[in-house]
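Chains, contacts and geometry: an overview
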Amino acid sequence: MRIQRKPNAYPLKKLLLTFLSFCCLYVSADPSKKIIELSPDLEEVLIDTSYIVEFDSVQGKPATVLTVHKRLFFNQDPSKNLWAKFKVHNNSDTSISWILLSHFYSIDELDIWVKRKRGTEFLFFRDTMSIYNRLIQHKHPTFNIYLEKDETIELLFRIKNESAFEYPFVFMTHESFYSKFFKEYLLYGLFYGFLLFVLVSCIINFIFFRDSVLLIYIFCILSQITYMLFRDGNGLYVVPSATEYADLIKNLSRSAMSISLLLYTGIFLKIDRKSWMFKIILLIVVLRTIYSIVLLEDTTVNTFHFEFFIIVFCTWLAFRFYSSVDSEARYMAMGLSFLSAVYAVHYVSIIGWFPSGAYAFWSLYLGIAGENIFFALALTERFKRARLDKFRQEQMNRELELLVEQRTETVQMQNRLLEAQSNELNLFLYSASHDLKGPLKTIEGLCNVGLLDVSVNHDQLFEMIKMKLRKLESNIGDLNSVTKLKYSNPVSDQNIDLKLLHQDIMDRFEKYPGFESMAFELNIDYKESVRFDTFTIRSIYQNIVENAIKYRDRSKEHSFLTISIYKEGNLLLIEFEDNGQGIPADKTEKIFEMFYRGNEESREDTGLGLYIVKLAVEKLGGKITVQSELGVGTTFLVRIPI
Ligand code: ADP
């Protein structure tokens, strides 16, 4: 193949026109490129040219014998017309209809004079002709040539093209023409259908994943589709009104394809944008862009060198950065290796090391399809990983949120507890000082009475002071118990004989007013000794016994307190049942509160007794419940784990 640089004019104007043509796709083109009249002078030129070829080997019956006959013309100078002449002879015994076809689909001007005995027939082709206006709607210039039995015709060719190329022409029977192109269009359909599928799935993926690497890949596929369409001529169906710009579109999309492939590889492989390698990539991108702008419509052998270099460079990048990226780079490297290998086949035939053939033409289709399959796999891996990472991130966020929520809840709870404790402490201090002040004031008053009034009975006075002092002592004892239970360390473990404890408390209350009118009964259905802190268990027992005496029903003839101790599972149950005054139903909840006094007789008391009991029970890890009925009596049930 001989490819030459052509003189190029008005690149900007062409670019603009191409763009405008895309905007009005199906506007019919103007086929008004000048038609040269065949004059005797021109026949002279034609005769003088070295391209005059005798072509008389189309022989035999069309359906059985020769189906294709090929003729190649070379144009070295695109500024001039290429003139050629050859003869075709039908030496079969029937008339034949041939299809004359140019394999180069974008010849700018092609005039054919068919000279017969009965006159000259004129056929022409212009690249401005819309594909839909052609006699045979095919992407290549195609003509019908009819030969009578034993007829010889002379074909005169004028070829004009802006670039220097080789122009292969073939004669085909109708059967071979239709069967060849049916198969070819079918393959194109499969190829472009596949690329469109990849393109659409990439767009859908982009909508879902918003991964910017997909935008470059979309651009890459678009440029691949465009390049291939204008490489094989199918693009003429897409832009029938811009067919004369086919070469320009082909070269620009070819450049876009190389650039986007390079950028996509770099970004997919997560090459650091500040690294020297990324700068090299950008340099190649700039060079390729300049190259395509300089050449525009022309294709030189350097274009293929450059293209092959970029593909091999991308492959090298994939292997070089293979280990630094996740497993999806594996597919990327495979895809690029495949493309490199297949492009190499195409490349060696282009530079002339091997004769070009169908394998060289179709290898690029295979390479691009294979590359896209591997790239699709690489993208799937990438999105799978992204989804997994996102899922993990979300899970981590959820766990963190939960942790924060739990922490906030704990802090809020602690705050509430602190607030409650602070309120309780304030109340405690206020009430404690009040409870201590009361008896002290009374004692002070009694002392004043004794000092000022000598006639007063001093024995009685001292007795009263003693009583108040006892009250004071009891109050201080209660306050002390609260502090001890609330703020002391966990209770110590001591062996306790419940019978002895009971007796000890009975002895203590012997002198307590009202004790003598009470009947106490102890039922212990539990033989083993229990291990509790003495002070704590004593606080429970003592306060409940004291209350039973204090709040006995004086109207009843016999007052009693029955204490039953027994085991239920791993719980020790102590039941205190009295037949005292009982507690109104709406007050049973309140009796365990600090400083709650629910009775006229308890005005002088601290209101701490049952609060101490509750604190002590909770300190032992147990629970206390109460059942009471006004006028009938009260039962406290203490459950402590043993
Ligand atoms: P206080 O110092 O007033 O006795 P407590 O906390 O011991 O304080 O008792 C709170 C209130 O519960 C008492 O004022 C009383 O009204 C009621 N109460 C406690 N025990 C009995 C009981 N056994 N029978 C009737 N009422 C009781």
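Everything that follows concerns the structure shown earlier in this document.
Residue positions are given per chain, counting from 1 as you read along its sequence in written order. The predicted origin of the model limits local features to residues at a pLDDT of at least 70 and limits the giving and counting of side-chain atom pairs to 80 or more, whereas totals for whole chains, interfaces and linings rest on all residues. Only hydrogens and water are set aside; all other atoms, that is, all heavy atoms of the structure, feed into the side-chain values.

1. Focus on the pairing of strand S3 (residues 96-102)
Convention followed: We call a residue buried when its accessible area falls under 20% of the maximum for its residue type, exposed when it is over 50%, and partly exposed in between, using a 1.4 Å probe and counting protein chains only. For helices the rule is a DSSP run of H or I covering at least 4 residues; for strands it is a run of E covering at least 2, with both sets numbered from the N terminus onward. In this description, strands pair whenever DSSP reports at least two bridges between them.
With six of seven residues buried, S3 is to be regarded as a mostly interior element. In this sheet, strand S6 (residues 142-147) lies alongside S3 in antiparallel orientation, the contact comprising six bridges. Directly across from Leu101, in S6, lies its bridge partner Thr142. Inspection of the sheet shows S3 paired to strand S8 (residues 166-173) by five bridges, in the antiparallel sense. Its bridge partner lying in S8, Leu100 is registered against Phe171.

2. Overview of the environment of Phe636
Topologically, Phe636 is positioned in strand S15 (residues 633-641). On the basis of relative accessible area, Phe636 is assigned to the buried category, the value being 6%. For Phe636 and Ile624, which are 12 residues apart along the polypeptide, the C-alpha to C-alpha distance reads 7.0 Å.

3. Quick look at the sheet that holds strand S12 (residues 559-568)
Inclusion rule: Whenever a helix is involved, its axis is fitted only over the stretch in contact; in every case the axis is a line through C-alpha atoms, and angles between N-to-C directions fall within 0 to 180 degrees. We call two residues in contact when some of their heavy atoms are within 4.5 Å.
Pairing within the open sheet is mixed, and its five strands lie in the order S10-S12-S13-S15-S14. Two strands close off the open sheet at either side, each with one partner strand: strand S10 (518-525) and strand S14 (623-629). Sheet twist, expressed as the average angle between the axes of neighbouring strands with direction ignored, equals 10 degrees. In the sheet, S14 pairs with S15 via seven bridges, with the strands oriented antiparallel. Bridge pairing in S15 places Glu629 opposite Gly633. Taken strand by strand, helix H12 (residues 498-508) contacts S10, S12 and strand S13 (571-578), and its axis lies near 170 degrees from that of S10. Sheet strands in contact with helix H13 (residues 534-550) are S10, S12, S13, S14 and S15, and its direction is about 145 degrees off that of S10.

4. Describing the packing of helix H10 (residues 358-452) against helix H11 (residues 458-487)
Counted only if it meets this: Geometric relationships in this document are graded by angle, where less than 35 degrees denotes roughly parallel, more than 145 denotes roughly antiparallel, 65 to 115 denotes roughly perpendicular, and other angles denote oblique. Left-handed describes a crossing whose near helix is turned anticlockwise from the far helix by less than a right angle; the clockwise case is right-handed. Gly is put with the polar residues, along with every residue not named as nonpolar or charged; the nonpolar set is Ala, Val, Leu, Ile, Met, Phe, Trp, Tyr, Cys and Pro, and the charged set is Asp, Glu, Lys and Arg.
Two elements in contact, H10 and H11, have axes whose closest approach is 9 Å; the angle formed by their N-to-C orientations is 165 degrees. Comparing the axis directions of H10 and H11 gives the class roughly antiparallel. In terms of crossing hand, the pair formed by H10 and H11 is left-handed. A breakdown of the residues in the contact of H10 with H11 according to their chemical character gives 19 nonpolar, five polar and four charged.

5. Topic: the site of the ligand
What counts is decided by this rule: Here a residue is considered near a molecule or strand provided that any single heavy atom belonging to it is located within 4 Å of it. Pairs of N or O atoms are called polar contacts if they sit within 3.5 Å, as long as, within protein, a hydrogen donor faces a hydrogen acceptor (for residues adjacent in sequence, only side-chain-to-side-chain pairs). In these tables, accessible area is a Shrake-Rupley quantity obtained with a 1.4 Å probe, and a residue counts as shielded only by the protein chains included in the view.
Taken together, 19 residues sit near the ligand, with Asn547, Lys550, Tyr551, Gly598 and Leu610 positioned nearest. The contact in question runs from an oxygen atom of the ligand to an N or O atom on the backbone of Gly598, over 2.8 Å. Here an oxygen atom of the ligand sits 3.4 Å away from a polar atom, N or O, in the main chain of Gly609. Computed on the free molecule, the ligand has an accessible area of 530 Å², of which 98% lies beneath the protein chains in the complex. The set of elements that each furnish at least two residues to the shell around the ligand consists of H13 and helix H14 (609-619).

6. Some words on unusual backbone geometry
Here Arg210, not a glycine, exhibits a phi torsion of approximately 55 degrees, which is positive. When you line up the elements, Arg210 lands in the loop between helix H3 (174-209) and helix H4 (212-232). Phi at Phe595 is positive, roughly 60 degrees, even though this residue is not glycine. On the basis of relative accessible area, Phe595 is assigned to the buried category, the value being 10%.

7. Thoughts on the sheet that holds strand S7 (residues 152-160)
Across the sheet, four strands lie side by side as S2-S7-S4-S5; this open sheet has antiparallel pairing. The two strands at the open ends of the sheet, each matched to only one other strand, are strand S2 (82-89) and strand S5 (119-126). Strand-to-strand, the axes of this sheet are offset by a mean angle of 15 degrees, without reference to chain direction.

8. Brief notes about the packing of aromatic side chains
What counts, and what does not: Aromatic rings from Phe, Tyr and Trp, taking only the six-membered ring of Trp, are treated as a pair when their centres fall within 6.5 Å; an angle between ring planes under 30 degrees marks them as stacked, one over 60 as edge-to-face, and anything in between as tilted.
A full pass over the atoms with the stated rule returns 34 aromatic pairs. On the numbers, 5.5 Å between centres and 35 degrees between planes, the contact of Tyr188 with Trp362 is tilted. Separated by 174 residues along the polypeptide, Tyr188 in helix H3 and Trp362 in helix H10 bring together distant segments of the chain. Note on Trp362: relative accessible area 24%, which makes it partly exposed.

9. Notes on the nonpolar core
This is how the line gets drawn: Within this scheme, the nonpolar core is defined by two criteria: the residues are buried Ala, Val, Leu, Ile, Met, Phe, Trp, Tyr or Cys, and they are joined through side-chain atoms within 4.5 Å.
Ranked by size, the top nonpolar core spans 72 residues in total, and within it Tyr217 and Tyr264 carry the most contacts. The dominant element in this core, judged by the number of residues it contributes, is H4, at 12 residues. In this structure Tyr217 touches Val198, Cys202, Tyr264, Asn372, Phe375, Ala376 and Leu379, once residues within four positions along its chain are discounted. Residues Ile544, Phe595, Leu615 and Phe636 belong to the second largest nonpolar core, which totals 48 residues.

Geometry only, nothing functional implied.
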